[in-house]
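Architecture at a glance
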Amino acid sequence: MNAVSKTISPSTVFDHTEFADHEDVVFVRDKATGLKAIIAVHDTTCGPALGGCRVWPYETADAALTDALRLSRGMSYKNALAGLDLGGGKAVIIADPRKDKTAEMMEAFGRHVERLSGTYITAEDVGVSPDDMEAVARHTRHVRGTMATGLGDPSPYTALGVFAGLKAAAAHVHGSPDLSGKTVSVLGLGHVGYALCQMLHEAGAKLIVSDIHAPAVLRALDEFDCQAVEPSEAHRIEADIFAPCALGGILNSRTIPQLSAKIVAGAANNQLQTPLDGTLLRDRGILYAPDYAINAGGVISIALATPGAGEDKVRTKTLAIADTLTEIFKRADAENDTPERIADRMAEERLGKR
Ligand code: NAD
């Protein structure tokens, strides 16, 4: 036994702080390829559990288990709130994606996914490339989000959903979804952030852009009539909307008092550093669009697209993110609560947990 496998026992799982009545937690080992993985199926009330596969060099098995339990639960909430007939699951492979990952390892992972008979459906996540997913798909039908199974890159749909969400937030705060003339500070000009900027530019919004990657900023300056600021200034600069599209944790006790915008709505996952930060935003009168509600366009595209078809269905469902957010904002006002707690409650209602 090595250090990684020694630290897990059944009681480790059932007593784990992230354990939330998960339906299945499967520990996977394939000695020949070095595969060591955990597949967590949190809840299948709404349908089979869809969630990405992450390859990461976790230092301990407990760290991998923590991620699998936490992320699979998050997928249940995200899929339920998006109105998808899918449950929540997640797989983590304990390996360095640059050094340890091989096609054979991914194929072995595919065989194990197949063994679950469709209870868990896998997709790309951190550390996994389209080629890796092709390897997985050679051994299981239960894969989504590849070119062969759908529309490919989910980022344009994530951006479309965020754009729709920005309009819903503007309508709630300003009485109109019209973004023309509104100033939007976009932090992070990657796959989602850049596509969002394109839509905002076309809608007549004034853009302020920032990224640690200088070429992305130069490209935006070239393409849009916009201003660039340092990433550390993105939340402070005067703007109507702050759209975090880089990394998580951007909303915290340091940044929230410095925020200028009255709306925070962007694609980044886990924007609130702690649950308390949602209350801090509300106390400052800032409307926050819960991240997992507004950034669901990508999972919608993965879930609903079929080879060469389904784009209309995906677009319609993605644009409906605006309706979900409008309901969240109204309920938050009526129930004097924060939007992210309302979002959780709405997801739990669909999961039959309330
Ligand atoms: P990406 O990797 O393509 O882009 C991220 C961008 O952020 C890069 O340009 C990077 O240089 C920049 N960045 C990183 N750290 C930064 C910092 N400290 N300050 C400023 N810029 C920084 O990622 P993406 O696919 O565009 O996703 C963006 C965010 O949205 C991530 O949090 C991701 O988890 C989330 N998200 C993405 C999708 C999707 O479909 N791609 C779906 C749901 C959620």
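This text goes with the structure placed above it.
Residues numbered from 1 in each chain as written. Predicted model: local features only at pLDDT ≥ 70, side-chain atom pairs only at ≥ 80, totals over all residues. Heavy atoms only, no water.

Some thoughts on the overall build of the protein chain
What the protein chain contains, in helices and strands, is 14 helices and 12 strands. On C-alpha atoms alone, the protein chain measures out to a radius of gyration of 20 Å, which is about the 20 Å that the 2.2 N^0.38 rule sets for 354 residues. Seen through its C-alpha atoms, the protein chain measures out along the principal axes to roughly 60 × 45 × 40 Å. Sequence-distant contacts in the protein chain: of pairs separated by 6 or more residues, those separated by 24 or more amount to 65%. When the accessible surface of the protein chain is summed, it comes to about 15500 Å², and 51% of that surface belongs to carbon and sulfur atoms. Mean positive and mean negative side-chain charge positions of the protein chain (36 and 46 charges, respectively) differ by 2 Å. (Helix = DSSP H or I, 4+ residues; strand = E, 2+ residues; numbered from the N terminus. Rg over C-alpha atoms; globule rule 2.2 N^0.38 Å. Contact = heavy atoms within 4.5 Å. Areas by Shrake-Rupley, 256 points an atom, 1.4 Å probe, with all protein chains shown as cover. Lys, Arg positive; Asp, Glu negative; His and termini not counted. Charge placed at Lys NZ, Arg CZ, Asp CG, Glu CD.)

Structural notes on the site of the ligand
Around the ligand, a shell composed of 20 residues is seen, among which T158, H191, V192, D211 and A246 lie nearest. Between a nitrogen atom of the ligand and a main-chain N or O atom of I212, the distance comes to 3.5 Å. Isolated, the ligand exposes 820 Å² of accessible area, and the fraction of that covered by the protein chains is 71%. Where the shell around the ligand is concerned, the elements lending two or more residues are α6 (155-174) and α7 (191-202). Looking at the shell around the ligand, its residues break down into 11 nonpolar, eight polar and one charged. (Near = heavy atom within 4 Å. Polar contact = N/O pair within 3.5 Å; in protein donor to acceptor, adjacent residues only side chain to side chain. Nonpolar A, V, L, I, M, F, W, Y, C, P; charged D, E, K, R; others polar.)

Here's the deal with α7
Taking 1.5 Å per residue, 12 residues should reach 16 Å; α7 reaches 17 Å between its end C-alpha atoms and fits that length. On its buried face, α7 sits against α6, β7 (183-187), β8 (206-210), α8 (214-223) and β10 (241-244). (Expected span 1.5 Å × (residues − 1).)

Re the packing of helix α4 (residues 103-115) against helix α5 (residues 130-137)
Two elements in contact, α4 and α5, have axes separated by 7 Å at closest approach and are oriented at 50°. In terms of orientation, α4 and α5 fall into the oblique class. Both α4 and α5 take part in a crossing whose hand is right-handed. Contact with α4, carried on its side by A103, M106, E107, F109 and G110, involves D132, A135 and V136 of α5 and no other residues of that element. Across the contact of α4 with α5, the residue classes break down as five nonpolar, one polar and two charged. (Axes fitted to C-alpha atoms, helices over the stretch in contact; angles between N-to-C directions. Parallel < 35°, antiparallel > 145°, perpendicular 65-115°, else oblique. Left-handed = near helix turned anticlockwise from the far one by under 90°.)

Some words on the sheet that holds β8
Pairing in this open sheet of six strands is parallel, and the strands run β9-β8-β7-β10-β11-β12 from one edge to the other. Two strands lie at the open edges of the sheet, namely β9 (227-228) and β12 (287-288), each paired on one side alone. Bridging between β10 and strand β11 (residues 263-264) involves two bridges; their strand directions are parallel. Following the sheet pairing, I241 is matched in β11 by I263. (Pairing = 2+ DSSP bridges.)

Structural notes on the packing of aromatic side chains
The final tally for this structure, using the stated rule, is two aromatic pairs. With centroids separated by 5.5 Å and ring planes inclined at 85°, the aromatic side chains of F14 and F19 adopt a geometry described as edge-to-face. Seen in terms of ring centroids, Y194 and F224 are 5.4 Å apart; in terms of plane orientation they differ by 40°. Their pairing is tilted. Of this pair, Y194 sits in helix α7 while F224 sits in the loop between α8 and β9, and the two are 30 residues apart along the sequence. Looking at Y194, the relative accessible area reads 4%, which means it is buried. In this structure F224 comes out as buried when scored by relative accessible area, which is 4%. Positioned over the ring face of Y194 is R219, at 3.8 Å from the centre of the ring. (Phe/Tyr/Trp six-rings, centres within 6.5 Å; stacked < 30°, edge-to-face > 60°. Buried < 20%, exposed > 50% of the residue type's maximum accessible area, 1.4 Å probe, protein only. Lys NZ or Arg CZ within 6 Å of the ring centre and 35° of its normal.)

Topic: the nonpolar core
Among the nonpolar cores identified, the biggest contains 69 residues, and L166, V186, L189, L200, L325 and I328 are the most heavily contacted of them. It is α6 that provides the largest number of residues to this core, a total of 10 residues. Three or more residues apiece are contributed to this core by two domains, here domain 1 (10-137) and domain 2 (155-351). The residues contacting L325, other than those within four sequence positions of it, are G165, A168, A289, P290, A293 and I294. Among the nonpolar cores identified, the runner-up in size contains 23 residues, and Y120, V128, V136 and V143 belong to it. (Core = buried A, V, L, I, M, F, W, Y, C linked by side-chain atoms within 4.5 Å. Domains from an automatic or database assignment.)

Notes on the pairing of β7
If a strand is regular, its side chains alternate between the two faces of the sheet. Within β7, five of the five residues are buried, leaving the element largely enclosed by the surrounding structure. Burial of the side chains of β7 extends over both faces: T183, S185 and L187 are buried on one face and V184 and V186 on the other. Two strands pair when backbone bridges link them, and β7 and β8 are joined in this way by five bridges, in the parallel orientation. Across the sheet, the residue bridging to T183 is K206, located in β8. Handedness of the crossover is the feature at issue here: the chain leaves β7, passes through α7, returns alongside β8, and the resulting connection is right-handed. With four bridges joining them, β7 and β10 adopt parallel strand pairing. Directly across from V186, in β10, lies its bridge partner A243. (Right-handed = clockwise from strand over helix to strand, strands pointing away.)

Taken by themselves, the reported measurements are silent on function.
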